[in-house]
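Commentary on secondary and tertiary structure
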Amino acid sequence: MSFTVAIDGPAAAGKGTISRAVAVHFGFAHLDTGLLYRAVGARMLDGLDPVDAARTLEPSVLERGDLRAPEVAQAASKVAAIPEVRAALVDFQRAFAARAGGAVLDGRDIGTVICPEAPAKLFVTASDEVRAERRFLELRQKGVETSFEEVLAEMRERDARDSARATAPLRPAEDAVILDTSRLSIEAAVGAAIETIRTRHPA
Ligand code: CDP
Ligand code: CDP
């Protein structure tokens, strides 16, 4: 039986961390859909046309080590505003969502566009400052040279572009549960997400 959990929200809100933990807890498969847009963005930076890149995306490109770089995040948000790029990635995401045994997908438009019928939807958010601090610490740990201010500016620019675009903008689905993680530990945020999903899960 398939069961889809949709987890959306702005940059560095904790979507990935919560999705991975939820997937382990329920035994579901997990897809970080941001990686698809990051992969297309990386190929645009390589010089490819983004629509061609999206139409010919191979799963192996998701293994590229540079996908978490801030310049790739910016490129991802630019290609993500192109309707043909988004359209090229829909079937893969929907097939993943429908797999037997359950699936968690995290991104920006999972609850609104990719899986509007998903029984469990979360919109994970946190204040700009908290999110930038988390992403800054994460990047610094990976050895990326940056500052808090730079990360905050990059994130706000991306969130603004993601929210303003005409196709599949960043916004909570009407039936999404909002989870503000500003003051929550990872354990508390994961616990709250699992509780929400449990109330919608038949088993
Ligand atoms: O996937 P998304 O960009 O929304 O965020 P993430 O990669 O899951 O989380 C960004 C960073 O915030 C990671 O380093 C997490 O460990 C951290 N985090 C946190 O400190 N507290 C939370 N409640 C959730 C995430
Ligand atoms: O980890 P973080 O939240 O910073 O970003 P991400 O989830 O890896 O997404 C990178 C970019 O891809 C976002 O800024 C969006 O522009 C785009 N994206 C999207 O448009 N739709 C999705 N379902 C997932 C990501």
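Quick look at the structure, then. (Residues numbered from 1 in each chain as written. Chains lettered and ligands numbered in written order. Predicted model: local features only at pLDDT ≥ 70, side-chain atom pairs only at ≥ 80, totals over all residues. Heavy atoms only, no water.)

Before going further, it helps to examine the sheet that holds strand S4 (residues 120-125). Strand order in the open sheet formed by five strands is S2-S3-S1-S4-S5, and the pairing between neighbours is parallel. A single partner strand is all that each edge strand has here, and the edge strands are strand S2 (29-32) and strand S5 (177-180). Going from strand to strand, the sheet's axes swing by 20 degrees on average, the running direction of each strand aside. Pairing analysis gives four bridges linking S2 to strand S3 (residues 103-107), with the strands arranged parallel. When the bridges of S3 are listed, Ala-29 appears paired with Ala-103. Helix-sheet contacts for helix H5 (residues 83-97) involve strand S1 (4-8), S2 and S3, and the interaxial angle to S3 is about 145 degrees. (Pairing = 2+ DSSP bridges. Helix = DSSP H or I, 4+ residues; strand = E, 2+ residues; numbered from the N terminus. Axes fitted to C-alpha atoms, helices over the stretch in contact; angles between N-to-C directions. Contact = heavy atoms within 4.5 Å.)

The next subject is the site of ligand 2. Near ligand 2 you find 19 residues, and of these Lys-15, Arg-38, Arg-86, Arg-135 and Asp-162 are the closest. One nitrogen or oxygen atom from the side chain of Thr-33 is found 3.0 Å from a nitrogen atom belonging to ligand 2. Considering ligand 2 on its own, with 530 Å² of exposed area, one finds that the protein chains cover 97% of that surface. Of all the cavities here, the one that holds ligand 2 is the largest pocket. Breaking the shell around ligand 2 down by element, the ones donating at least two residues are helix H2 (34-45), helix H4 (70-79) and helix H8 (148-164). Its residues placed into classes, the shell around ligand 2 shows five nonpolar, four polar and ten charged. (Near = heavy atom within 4 Å. Polar contact = N/O pair within 3.5 Å; in protein donor to acceptor, adjacent residues only side chain to side chain. Areas by Shrake-Rupley, 256 points an atom, 1.4 Å probe, with all protein chains shown as cover. 1 Å grid on protein atoms, 1.4 Å probe; cavity = no way out; pocket = protein on both sides within 12 Å on 5 of 7 lines; lining within 4 Å. Sits in = over half its atoms within 2 Å of the grid points. Nonpolar A, V, L, I, M, F, W, Y, C, P; charged D, E, K, R; others polar.)

Let's shift gears to the pattern of salt bridges. In the structure shown here, the tally under the stated rule is 15 salt bridges. A salt bridge links Asp-128 to Arg-131, with the nearest nitrogen and oxygen atoms 3.0 Å apart. Here Asp-128 and its partner Arg-131 are both found in helix H7 (residues 128-141), three residues apart, which amounts to about one turn of the helix. One salt bridge in this structure joins Asp-162 and Arg-165, with 3.4 Å as the shortest N-O distance. Comparing Asp-162 with Arg-165 shows no difference in burial state: the two are buried. Each of Asp-128, Glu-129, Arg-131, Arg-156 and Asp-159 takes part in one network of salt bridges that share partners. (Salt bridge = Lys/Arg side-chain N within 4 Å of Asp/Glu carboxyl O. Buried < 20%, exposed > 50% of the residue type's maximum accessible area, 1.4 Å probe, protein only.)

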